[in-house]
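Fold and geometry: a report
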Amino acid sequence: MAKHKKDPWSPTAEDYRSVIAEQNPWALTGMVPAAWARDIERPLARRLWNRVRANKPRRFEVILGPRRVGKSTAMFQTVRHLLRDANIPRERIVWLRLDHPLLMRLDLGSLVRSLTTTATARSPCYLFLDELTYARDWDLWLKTFYDETWPVRIVASSSSTAALQDRKIGSRIGRWNEQYFPPCLFSEYLELIGQQIDVPVRDSLFDTLKACGRVKFKQAQLEKQRRRYLLTGGFPELLLNDARLTDESALLQSQQVLRTDAVQSAIYKDIPQAFGVDSPMLLERLLYTLAGQVAGILSPNSICQGLGGMSQPTFDRYLSYLEQAYLVFTLPNYSGAEASIQKRGRKLYFVDSAVRNAALQRGLGPLSNVTEMGHLVENMIAGHLYALGQQTQVRLFYWRDKNDEIDFVYDHPQQPLAVEIGSGRHSRGGLYKFMQRYPRFKGRCFMVSPQVPFRMPAEGVEDDIGTIPLDLFLLAVSTQAERELENRLQSHHRQA
């Protein structure tokens, strides 16, 4: 009888205990290592611990966002708050990095059960599941933990919505909240480097823009910081490490790091793990092609032909993978009618301009190409509005009708607004046509450009167009996004 080959390395119970001990150093020290949880915190980390501690209504929290944005750091900072500010005993806080080779071998339910034997409803275990979707049947186990009221409170992370969106929506409704964690927005970057500017925040972006006329800032200084932010991307570690670099060095370093850690990890690890993609190289070629068309309207037929005859279904599927891995997003053409939204061409943006540069391996090219830099600025604004929309659930569009166009339509139900990037007469023409077509936007249209003065549309003049300096607009959008995140976390307490 043939003998089965023995696993050349069969982990022992001690191996697993060592891995878990390495991932939970506070079990011995009572402290989170400073290298894992820096002092500077993003808005989610400042607020999530209170939401998890209160747990009203009962929900698990799943943090979603691109690689390198600091999801794990925010979770470590949440652990620190629970230890330091909530006085949660160290033995009741457990961290599991589920893409670890050893932990991927284990059944999630059995693993959690073995680590929470002393937990009770009054003394629950705070369970941090990093890269949740690498665990087998993770969604079924979350459902089981919730429905059977296991004594656990869970904070989890994933670098891709791919696996989440592939599961039945019934598994997550009422059981966990999904928190979108984007790259740092402009106001966060200024806070990271100690140059925060206070912006009065109101109930909607339109109302916040109205209040921005009183904001004081030095235009030249903000232009310098915006350029560095644009070239580096909104990735905290890169932003904090490049203060002494030239623009050229910051741009090259960003591309080198993001090429490996954000682009290739998503294409060759996250997406295949979620969907079993047969040809990651074709997926990478598609991303490269899209990077050359940023801020443009997609032409699937042309792209498919350029990729050696890729079929339309494959294009649609691969594009959805890239969107769910937080590399790109698309905007539909605004029509004012839901039925026709998906029938029009989509506009393509990257979640961060620096990811686009890394995917395209542009080197120093953007520094000398005015047109390309303009596309990157537009992409930066798109990323900010997209991040805000993820917090408010307000849909973002562009609009084009023949030769008339508008870059962004933020379709807030009560306070909508439309934005065009630039300052030319042609751009204003598109806004005028748009207001004529859709009267609800009268008095709510803006030109956004680096050098324009701040001016709201004149009251009583329905077709007047306001102007907002680019940096002030970025500050308003990013500060509004932070406010909306806070509102979302606090709303859970009010629901209780």
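Predicted model only: the values in this text are computed from it and were never measured.

Our focus in this paragraph is the pattern of salt bridges. With the rule as written, the count across this model stands at 31 salt bridges. Residue Glu482 is joined to Arg47 by a salt bridge in which the shortest nitrogen-to-oxygen separation is 3.7 Å. In this pair, Glu482 is assigned in helix H20 (residues 470–495) and Arg47 in helix H3 (residues 43–54), connecting sequence segments 435 residues apart. As a salt-bridge pair, Glu372 and Arg362 come within 2.7 Å of each other at their nearest N and O atoms. Within this pair, whereas Glu372 is found in helix H18 (residues 370–392), its partner Arg362 is found in the loop between helix H16 (353–360) and helix H17 (365–368), the two being separated by 10 residues in sequence. By relative accessible area, Glu372 is classed as buried at 7%. According to the relative accessible area criterion, Arg362 is partly exposed, its value standing at 27%.

Our next topic: helix H5 (residues 108–115). Listing the buried residues of H5 in full gives Leu108, Gly109, Leu111 and Val112. Taken down its axis, H5 places every buried residue within 165° of arc, on the same side. As for H5, its buried residues are in contact with helix H1 (13–23), strand E2 (93–97), strand E3 (125–130), helix H6 (138–147) and strand E4 (152–158). Capping the start of H5, Asp107 holds a side-chain oxygen 3.1 Å from the backbone nitrogen of Gly109, two or three residues further along.

What follows concerns the sheet that holds E4. Spatially, the 5 strands line up as an open sheet ordered E2-E3-E4-E1-E5, and their pairing is parallel. What marks the edges here is a single partner per strand, and that holds for E2 and strand E5 (176–180). The sheet shows a mean angle of 15° between the axes of neighbouring strands, taken without regard to direction. Both strand E1 (residues 60–64) and E4 contribute to a ladder of 4 bridges, which runs parallel. Residue Val62 lies in a different strand from E4, and its bridge partner there is Ala156.

Here is what the cut-offs are and how they apply
- For every chain, the first residue of the written sequence is number 1, and numbering continues from 1 along that sequence.
- Residue-level local features of this predicted model are given only where pLDDT is at least 70; pairs of side-chain atoms are given and counted only at 80 or more, and the full residue set underlies all totals for whole chains, interfaces and linings.
- Derived side-chain values reflect all non-hydrogen atoms in the structure, with water molecules and hydrogen atoms excluded from consideration.
- The salt bridge criterion pairs a side-chain nitrogen of Lys or Arg with a carboxyl oxygen of Asp or Glu, the two atoms within 4 Å.
- Numbering goes from the N terminus for both helices and strands, where a helix is a DSSP run of H or I of at least four residues and a strand is a run of E of at least two.
- Under the scheme applied here, a residue whose accessible area is under 20% of the maximum for its type counts as buried, over 50% as exposed, and between as partly exposed, the area being computed with a 1.4 Å probe on protein chains only.
- Think of it as the arc spanned by the lines of direction from the helix axis to the C-beta atoms.
- Should any heavy atoms of two residues lie within 4.5 Å, those residues are considered in contact.
- Definition of a polar contact: a pair of N or O atoms within 3.5 Å, with one able to donate and the other able to accept a hydrogen when the atoms are protein atoms, and with sequence-neighbouring residues admitted only if both atoms are side-chain atoms.
- One bridge is not enough; two strands pair if DSSP finds at least two bridges between them.
- Helix axes are fitted to C-alpha atoms over the stretch in contact, other axes to C-alpha atoms as well, and angles between N-to-C directions run from 0 to 180 degrees.

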